[in-house]
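# Commentary on secondary and tertiary structure
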Amino acid sequence: MAATTTPAASISAGAGSNGGAEDRVLATAQQIVKSLNTPKEVREDMMLIFSSFDNRLSNIKTVMTDQNDALLARLEAAETIIHRWDGGNDSSRHSSSSSGNHRSSSFSLSFDGSPEEATEFLSAVDEIISLLVDLSSENKPDMVDRADSALQMAMSLLEDEFRRILIRNTVPLDAERLYGSMRRVTLSFADGDVTEDFENFGLVANGDGDGSGSGSRRRLFHERGGSIGCDLWVDLINPTAVEDLKEIAERMIRAGYEKECVQVYSTVRRDALDECLMILDVEKLSIEEVHKIDWKSMDEKMKKWIQAMKITVRVLLAGEKKLCDEIFNGSETSKEVCFNETTKSCVMQLLNFGEAVAIGKRSSEKLFRILDMYDALANVSQTLEVMVTDDFVCSETKGVLEALGNAARGTFVEFENNVRNETSKKPTTNGEVHPMIRYVMNYMKLIVDYAATLNSLLENDESDGLSRDDDTEEMSPLAKRMLMLITCLESNLEEKSKLYEDGGLQYVFLMNNIHYVVQKVKDSELGKLLGDDWVRKRRGQIRQYSTGYLRASWSKVLAALRDGSMGGASSGSPSYRQRSNSSSSASKMALKERFKGFNASFEEIYRLQTAWKVPDPQLREELRISIQEKVIMAYRAFFGRNKSQLEGGRHAGKYIKYTPDDLESYLPDLFEGNQMVIHPRRKSS
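Quick caveat: nothing in here was measured; it's all calculated off a predicted structure.

Calculation criteria
- Counting restarts for each chain, with residues numbered from 1 along the sequence as it is written.
- A pLDDT threshold of at least 70 governs which residues receive local features in this predicted model, and a stricter bar of 80 or more applies before side-chain atom pairs are shown or counted, although totals over entire chains, interfaces and linings include all residues.
- The basis for every side-chain value is the complete set of non-hydrogen atoms in the structure, without hydrogens or water.
- Only DSSP runs of H or I covering at least 4 residues are called helices, and only runs of E covering at least 2 are called strands; the numbering of each starts at the N terminus.
- A simple rule labels every residue: compare its accessible area, found with a 1.4 Å probe on the protein chains alone, to the largest value its type can have, and call it buried under 20%, exposed over 50%, or partly exposed in between.
- Contacts are residue-level and defined by heavy atoms, with any inter-residue pair within 4.5 Å sufficient.
- Per-residue and other accessible areas follow the Shrake-Rupley method at a 1.4 Å probe size, with only the shown protein chains counted as cover for residues.
- Ring pairs shown here join Phe, Tyr and Trp side chains whose ring centres sit within 6.5 Å, with only the six-membered ring taken for Trp; geometry is labelled stacked below 30 degrees between planes, edge-to-face above 60, and tilted in between.
- Any Lys NZ or Arg CZ found within 6 Å of a ring centre and within 35 degrees of that ring's normal is scored as a charge over the ring.
- Residue types Ala, Val, Leu, Ile, Met, Phe, Trp, Tyr and Cys, when buried and joined through side-chain atoms within 4.5 Å, form a set referred to as a nonpolar core.
- Note: domain ranges come from an automatic or database domain assignment.
- One less than the residue count of a helix, multiplied by 1.5 Å, gives the span that helix is expected to have.
- Given a residue, its bend is the angle between the two axes fitted to the seven residues that end at it and to the seven that start from it.
- Angles shown run from 0 to 180 degrees and are taken between the N-to-C directions of axes, each axis being a line fitted to C-alpha atoms and, for helices, limited to the stretch in contact.
- Throughout this description, any angle smaller than 35 degrees is read as roughly parallel, any larger than 145 degrees as roughly antiparallel, any in the 65 to 115 degree range as roughly perpendicular, and the remainder as oblique.
- Each helix crossing is assigned a hand: it is left-handed if the near helix lies turned anticlockwise from the far helix by less than a right angle, otherwise right-handed if that turn is clockwise.
- Three classes are used: nonpolar for Ala, Val, Leu, Ile, Met, Phe, Trp, Tyr, Cys and Pro, charged for Asp, Glu, Lys and Arg, and polar for all others, with Gly counted as polar.
- Any Lys or Arg side-chain nitrogen located within 4 Å of an Asp or Glu carboxyl oxygen qualifies as a salt bridge.
- Each polar contact in these results corresponds to two N or O atoms within 3.5 Å; when the atoms are within protein, one needs to be able to donate a hydrogen and the other to accept it, and residues that are neighboring in sequence are counted only if both atoms are side-chain atoms.
- To count as a disulfide, a pair of cysteine sulfur atoms needs to be within 2.5 Å.

### Section: the overall build of the protein chain
Across its full length, the protein chain carries 27 helices and four strands. Counting over 685 residues, the protein chain shows a buried share of 47%. Partitioning the intrachain contacts of the protein chain with sequence separation of at least 6 by distance along the chain shows that 80% fall at a separation of at least 24. Split by element, the accessible area of the protein chain, about 33200 Å² in all, is 49% carbon and sulfur.

Below is the structure:
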């Protein structure tokens, strides 16, 4: 008996050289019994049977009781801490949540407790999670139920705290700071051009309600959205709260409450991102509502959308991705699901507006804003695709990008058709640059700024109506379309010039407009697209128009100065000296008529052509010089040959009204757009 009790006493005391071996035997026996997965009572009976075979197992029942007591003690200690926060503290928790006071430690379970108390609570949660792992192999349903209940209570508290920390530590978006950091590009025209809206031209969408009205004048002006620097960053949540959120998320995930944690996070942060869009002035609108917006308001909304798209992807979503990665660091699945669920709403709101614009009514003035929207989405789509793994959102992004590209292409074609079909019959009164030419050329200058985008969108389109030769084959798709547009403009100008009855005014009109086109091409990126050879040819064309003007306006005047005109001969010719006195008198009468006819013609041309307008100073001066060289020089010769025949005679001043210098002094009045009448500055006595 003694032999059998001595080892048992040795085991109970935990002493002796064989203590370690006995512990291993005991543990092995317990493991064998547990592996049989039998009821608790059966396992205890089996352990007692084992103890009858080996006295080293004789105290097994005592050990099992001690272990059970230890588990129960751990559970009760954890329960006590958890119940302390769930008991009568609901009112204080809600009161604290609604107050605006922020404490230095964001995690306090909505109590004014110390960080040590929060640590104590988290340790209790860890203990419950650990106990459930230990109890998973024990047949202790009552203890498991108590642990589950305590864990559920703890998770409810942590879920509330997680939500509270997220809400109270959300940092409002500073839109002004973001806008101030964006680099803007403004496109307008230094020459101060103004354009007219043409109801029949279609360059301003009819029925859009922009309030401009037909014939209103305004500057063609376009401001592109700013770009965001790579180093731009904002805190979406107070950085001091991130570690606390991470601690809570890690425990909720370990406890099997991952779904609840992700749902709380995505709900709160989704609302925060929706609020950010409101701060960025992006409204949630249906497609029907978008299509009812007048153009002026629509233009502002499109600009806001462009800025919001850049800020949302580059700043907000990038920041949200960083937050998800930090807070859900222990779970790749949670990171992905949480980010997708959080960002889906705001991304889809932006995409829905883009889709509404893309399928809306097309009008030429919308082209640049649509191109801006296309570029904005194209520039962030790759970044968006890397961050967002939601197949639906990725598919929608590609679809909206394609739709905006189609809308831009279709709107550009609409503009081309408007240029081709513009058939207004109202000429400018003074032959200056036609408003349609101003609008189209300034429009084309803006188009060239989008050359890279339009070249990609027009790559597979055919340029109908453009001759295919070696020069055009090497041109980019946009350059071909620009050349075709200008060719249409030139044909249109030829037709419009025929609206003028005065042949000279026809040529002045063509000179003004082609010169304007050339200057716009030469002074912009259009020059690089069309090339120097195109510019040289048009300058030669302008010189031809100048020659045509001189012929149409001054041929009759010059004819009066030629010898032999109106039946008279020059007073200095031999035939004149051989005439009889009677024929000399007739010749003087003819000479008087020639002076009189010249005077009348010059005065009429002066009256008409002072009202004509040549806006370009250089072109205006070149025209005056050509008149001086062709007309004034001819009159100077005629005046020198014939003035002696009439000077000293009766009423000589009636015929010799102007000296060559007088006429030359009148030239600066021509082409100024202010109709004048000559008042002779000198009369011969």
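Read on, since the account is not over.
### Considering the packing of aromatic side chains
Counted by the stated rule, this structure contains 17 aromatic pairs. Here the aromatic rings of Phe162 and Tyr265 are separated by 6.5 Å at their centres, their planes lie at 40°, and the arrangement is tilted. With Phe162 in helix 7 (residues 141-168) and Tyr265 in helix 10 (residues 258-279), this residue pair connects regions lying 103 residues apart in the sequence. Each member of the pair, Phe162 as well as Tyr265, is classed as buried. Looking at Lys321, its charged tip hangs above the ring of Phe339, at a distance of 5.2 Å from the centre.

### A word on the nonpolar core
Grouped together as the largest cluster of nonpolar side chains are 175 residues, with contacts concentrated most on Phe162, Met441, Ile447, Tyr549 and Trp554. A total of 15 residues in this core trace back to one element, the largest contributor, which is helix 12 (residues 295-327). The residue makeup of this core includes at least three contributed by each of domain 1 (62-81 + 110-168) and domain 2 (170-182 + 229-397). Look past the residues within four positions of Phe162 in its chain and what remains in contact with it is Leu245, Ile248, Ala249, Cys261, Val264, Tyr265, Ile327 and Phe328.

### Focus: helix 13 (residues 332-358)
With 27 residues, helix 13 extends 37 Å from end C-alpha to end C-alpha; this agrees with the ideal 39 Å at 1.5 Å per step. Largest kink in helix 13: about 40°, centred on Lys344.

### Overview of helix 14 (residues 367-387)
For helix 14, spanning 21 residues, the distance from its first C-alpha to its last is 30 Å, which sits close to the expected 30 Å at 1.5 Å a residue. A maximum bend of about 40° is found in helix 14 at Ser381.

### Focus on the side chain of His515
With respect to the helices and strands, His515 occurs in helix 20 (residues 503-522). You can call His515 buried: its relative accessible area is 13%. Excluding residues that lie within four positions of it along the chain, His515 makes contacts with Leu510, Ile542, Asp616 and Leu619.

### Brief notes about the packing of helix 15 (residues 391-421) against helix 16 (residues 435-448)
It is the contact of helix 15 with helix 16, at a shortest axis distance of 12 Å, that shows an interaxial angle of 155°. Taken together, helix 15 and helix 16 sit at an angle that is classed as roughly antiparallel. As for the relative orientation of helix 15 and helix 16, their crossing is left-handed in sense. Of the residues in helix 16, those in contact with Phe412, Phe415 and Val419 of helix 15 are Val440, Tyr443, Met444 and Ile447. The residue inventory of the contact of helix 15 with helix 16, partitioned by class, reads seven nonpolar, no polar and no charged.

### Thoughts on the environment of Leu558
Along the polypeptide, Leu558 turns up in helix 22 (residues 532-559). Separated by 72 residues in the primary sequence, Leu558 and Lys630 place their C-alpha atoms 8.4 Å from one another. Excluding residues within four positions of it along the chain, Leu558 makes contact with Lys630, Val631 and Ala634.

### Some thoughts on the packing of helix 6 (residues 115-135) against helix 9 (residues 239-254)
For the pair helix 6 and helix 9, interaxial distance at closest approach is 10 Å and the crossing angle is 15°. Between helix 6 and helix 9, the angle is such that the two are roughly parallel. Judged by the sense of rotation from one axis to the other, the crossing of helix 6 with helix 9 is left-handed. Facing Leu122, Val125, Asp126 and Ile129 of helix 6, the residues of helix 9 in contact are Glu247, Arg251 and Arg254.

### Comments concerning unusual backbone geometry
In this structure, Asp281 is a non-glycine residue whose phi angle is positive, near 65°. Tracing the chain through its elements places Asp281 in the loop between helix 10 and helix 11 (287-291). Residues other than glycine seldom take positive phi values, yet Phe671 does so here, at roughly 65°. Following the sequence through the fold, Phe671 ends up in the segment after helix 27 (660-666). Classification of Phe671 by relative accessible area gives buried; the value is 0%.

### Description of the pattern of salt bridges
By the definition in use, this model includes 34 salt bridges. In this structure, Lys398 engages Glu385 in a salt bridge whose closest nitrogen and oxygen atoms are separated by 3.9 Å. Of this pair, Lys398 sits in helix 15 while Glu385 sits in helix 14, and the two are 13 residues apart along the sequence. The shortest N-O distance in the salt bridge between Arg481 and Glu416 comes to 2.7 Å. Here Arg481 is found in helix 19 (residues 477-497), whereas its partner Glu416 is found in helix 15, with 65 residues between them in sequence. Taken together, the shared-partner salt bridges connect Asp126, Glu247, Glu250, Arg251 and Arg254 into one network.

### Here's the deal with the environment of Ile81
Mapped onto the elements, Ile81 comes out in helix 4 (residues 60-86). For Ile81 and Phe121, which are 40 residues apart along the polypeptide, the C-alpha to C-alpha distance reads 6.4 Å. Not counting chain neighbours up to four residues away, the residues in contact with Ile81 comprise Glu120, Phe121 and Ala124.

### Description of the side chain of Arg251
With respect to the helices and strands, Arg251 occurs in helix 9. Taking relative accessible area as the criterion, Arg251 reaches 9% and is therefore assigned buried. Here the side chain of Arg251 touches Asp126 through a polar contact of 3.0 Å, side chain to side chain. Beyond its immediate chain neighbours, meaning those up to four positions away, Arg251 contacts Leu122, Val125, Asp126, Ile129, Met155 and Leu158.

### Observations regarding the state of the cysteines
Throughout the structure, instances matching the rule amount to zero disulfides. Cys261 takes part in no disulfide bond, and the closest cysteine sulfur to it belongs to Cys338, at a distance of 7.1 Å. Residue class for Cys261 comes out buried when judged on its relative accessible area of 0%. Here Cys338 is not disulfide-linked; the sulfur of Cys324 is the nearest cysteine sulfur, at 4.4 Å. The buried category is assigned to Cys338, whose relative accessible area is 0%.

### Overview of the environment of Val262
Locating Val262 in the fold gives a position in helix 10. Taking the C-alpha atoms as reference points, Val262 and Cys324, 62 residues apart in sequence, are found 9.8 Å from one another. Setting aside residues up to four positions removed in sequence, Val262 forms contacts with Phe328, Ser334, Val337 and Cys338.

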